[in-house]
Amino acid sequence: MGKFFAVILVVVTLASAYPIVTHKYVQPVDISTHGHAIDEQLADTMAEGGFAFVGAQLLLAFFVWKFSSRKDGSKVKHLPGGAKLVVATAFILVGTEVLALGVLGQKAWADVYFTPPKADALQIQSQAGQFAFYFRYPGADGKFAPLHPDKIDEGNGNYFGLDPANDVEARDDIVAAELTIPVNREIHLLLHAKDVGHSFYVRELRIQQDFVPGLDLSLHFTATKTGKYEIVCTQLCGLGHYNMKAYLNVLPQEDFEKWLKDRAAEQ
Amino acid sequence: MRVKAGYLAGLATLAVCAVIVHAMPSGGTVSGKVTYEGTPAKQKPIDMSKEPSCAKQHATPITTETVVTGSNNTLDNVVVYVSAGVPDENAPGQVVKFEQKGCQYIPHVLAFQVNQTLEISNADQTSHNIHPLPKVNREWNKSQPPGSAPISEKYDKPEFIPVKCNIHPWMHGNFAVMKNSHYAVTQGEGGFSLANLPPGKYTITAWHESYGDQSQDVTISGSETKTVNFVFKAKPY
């Protein structure tokens, strides 16, 4: 029975490792300038975690195979130092691994989250609310008008709470339901939640960031490939969470300018 | 033979008279037009790309409907009703229908009477969550997956109720719950007609979701038709 368990362990371990090692799960295309660092970090984590997993399982199978059916009545031999030393060694080994991943990975993380955007980054504001994303562009004056939550009137297309009657700056603000951006230009996305927590996730951009009500968070990224990608909410936000999505349209600069002009005419 | 023909002619005349009497209003009529002066707010196209099954139902994007105008400055979706002068009436048995189609409420403004049965249906391939926002009636919101049975509801107090969908933020409509059967919603060219008003003094009120309401008094004697026009002040923002 013990030997059978050891065989099963080996089979399950190798079968689990097989699709990872042979890259059966293909990563979605990376369209960002920072994405390769995230992908490398993921690959490193997968390799380190994978080696530890396969090694530990095979070692377990080996011990089960060798010692499970022992019936000679001899005393069990312990490693010198007893359980304390084994636990301490495990802590040090795992701790070192986690620390190493953290130190190596901080660059990938910090490049996205802890560096300021460039001064010429295109500012776009995103508002997440149950259950849709809306995006605001500053318009011809280059300024975002202040928000007045009491003015939000979704039936009237006022998703952000603009007050064009009193704020002249609000009259040219462009509001759209799709995030349309120019390719190869840094985007500084300001995240604003209308009601509860939401999350901005575009897997091709390798970016995921929560919206937190009451906090103005921001992100910056540069998309390098044109195309249409999905933005999904990845923070359970209520009944319609499954339906909360929008599209990211990455356009060549001239198409983007035309798009912006067309939207401006609609406001 | 001649006698028989005479009878027939008499019967025919009676029948014609009966039809005429039946078709004639049993009282006076108030009719008129609702118009605006000034510049109304620009209606914005609605981007439904997050709901493809709805987006593909509209060849060109529909716009918001908070101000719907016709030619010659006429104003649609105005509820014109007798707010004073007639007693409250019991609800008719007729069911009024409110449809969710293409992620839009049809009609945008639905008027019906207190305790009249309202039937809400979902013609879309997506779930809706209808959420009327009354202040004096009981509030509720109900999910309606595609293909599910219509929802029946009633309101027991007169009120103007904004309606929204909890899933699709752009969806917006209005219920007008009326005390009596003398009401109309302007459609097409801002025109309305309130018929069958017995002689008396009435207050006629016109309500618009963005511009509020205004009233005029009118006195009806006999079966005359009185003209009452309303002019709302439109604002660009």
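Residues numbered from 1 in each chain as written. Chains lettered and ligands numbered in written order. Predicted model: local features only at pLDDT ≥ 70, side-chain atom pairs only at ≥ 80, totals over all residues.

Below, the discussion takes up the overall build of chain B. Across its full length, chain B holds two helices and 17 strands. Buried residues in chain B amount to 33% of all 237 residues. For chain B, the proportion of contacts with a sequence separation of at least 24, taken over those separated by at least 6, is 67%. (Helix = DSSP H or I, 4+ residues; strand = E, 2+ residues; numbered from the N terminus. Buried ≥ 20, exposed ≤ 12 C-beta atoms within 10 Å, placed from the backbone. Contact = placed C-beta atoms within 7 Å.)

A word on the environment of Tyr237 of chain B. Along the chain, Tyr237 of chain B falls in the segment after strand E17 (230–234). Residue class for Tyr237 of chain B comes out partly exposed when judged on the 14 C-beta atoms lying within 10 Å of it. When the C-alpha positions of Tyr237 of chain B and Ala41 of chain B are compared, they lie 5.4 Å apart, and in sequence the two are 196 residues distant. The residues contacting Tyr237 of chain B, other than those within four sequence positions of it, are Pro164 and Ala165 of chain A together with Ala41 of chain B.

A few words now on the packing of helix H1 (residues 2–21) of chain A against helix H2 (residues 35–67) of chain A. All names here are of chain A. Where H1 contacts H2, the axes come no closer than 8 Å and their chain directions differ by 165°. One element, H1, and the other, H2, form an angle in the roughly antiparallel class. Taken as a pair, H1 and H2 cross one another with a handedness that is left-handed. Of the residues in H2, those in contact with Gly2, Lys3, Phe5, Ala6, Leu9, Val10, Thr13, Ala17 and Ile20 of H1 are Met46, Gly50, Val54, Gln57, Leu58, Leu60, Ala61, Val64 and Trp65. Classifying every residue of the contact of H1 with H2 by side-chain character gives 13 nonpolar, four polar and one charged. (Axes fitted to C-alpha atoms, helices over the stretch in contact; angles between N-to-C directions. Parallel < 35°, antiparallel > 145°, perpendicular 65-115°, else oblique. Left-handed = near helix turned anticlockwise from the far one by under 90°. Nonpolar A, V, L, I, M, F, W, Y, C, P; charged D, E, K, R; others polar.)

All names here are of chain B. One open sheet accounts for four strands, arranged E4-E3-E6-E9; its pairing is mixed. Edge strands, defined here as strands with exactly one partner in the open sheet, are strand E4 (105–106) and strand E9 (151–153). Of the pairings in the sheet, the one linking strand E6 (residues 118–122) to E9 comprises three bridges and is antiparallel in character. From the neighbouring strand, Glu119 faces E9, where its bridge partner is Ser152. (Pairing = 2+ DSSP bridges.)

This paragraph deals with the interface of chain A and chain B. With 21 residues of chain A at the contact, the number on the chain B side is 15 residues. The element best represented in the side of chain A that touches chain B is strand E10 (residues 245–251) of chain A, accounting for three residues. Broken down by class, the residue content of the side of chain A that touches chain B amounts to ten nonpolar, seven polar and four charged.

Atomic detail in the predicted coordinates should be set aside for any region of low pLDDT. Residue and element names in this part refer to chain B. Averaged over all residues, the pLDDT of chain B equals 90, while 89% of them reach at least 70. For the stretch residues 16–25, pLDDT sits under 50, and the model shows three contacts to residues farther than four places along the chain or on other chains. Across the predicted assembly, pTM comes out at 0.84 and ipTM at 0.80. (pLDDT = per-residue confidence, 0-100.)

Residue and element names in this part refer to chain B. Within the open sheet, the four strands sit side by side as E12-E2-E14-E15. Their pairing is antiparallel. Edge strands, defined here as strands with exactly one partner in the open sheet, are strand E12 (183–185) and strand E15 (212–220). Across the sheet, the mean angle separating the axes of adjacent strands is 25° when strand polarity is ignored. Pairing geometry for strand E14 (residues 200–208) and E15, over nine bridges, is antiparallel. Note that in E15 the partner of Ile204 across the bridge is Gln216.

For the bond running from Gln130 of chain A to Phe131 of chain A, omega is 0°, close enough to zero to count as cis. Its location among the elements puts Phe131 of chain A in the loop between strand E1 (122–129) and strand E2 (132–137). Each neighbour pair has its own omega, and for Ile106 of chain B with Pro107 of chain B the value is -5°, a cis peptide bond. Its place among the elements puts Pro107 of chain B in the loop between E4 and strand E5 (109–113). Notably, Asn73 of chain B is not glycine yet its phi reads approximately 60°, a positive angle. Turning to its location among the elements, Asn73 of chain B is positioned in the loop between helix H2 (52–55) and strand E2 (79–84). Using a count of 17 C-beta atoms within 10 Å as the deciding quantity, one classes Asn73 of chain B as partly exposed.

When its domains are assigned, chain A resolves into domain 1 (2–69 + 78–113) and domain 2 (122–266). In this complex, domain 1 of chain A contributes ten residues to the contact, which on the side of domain 2 of chain A involves eleven residues. (Domains from an automatic or database assignment.)

Turning next to the nonpolar core. If you look at the biggest cluster of nonpolar residues, it comprises 80 residues, and the most contacted ones within it are Val79, Val80, Ala111 and Ala176 of chain B. At five residues, E2 of chain A tops the list of elements feeding residues into this core. For Val79 of chain B, the residues in contact, after removing those within four places along its chain, are Val109, Ala111, Ala176, Tyr183, Val185 and Trp207 of chain B. (Core = buried A, V, L, I, M, F, W, Y, C linked by C-beta atoms within 7 Å.)

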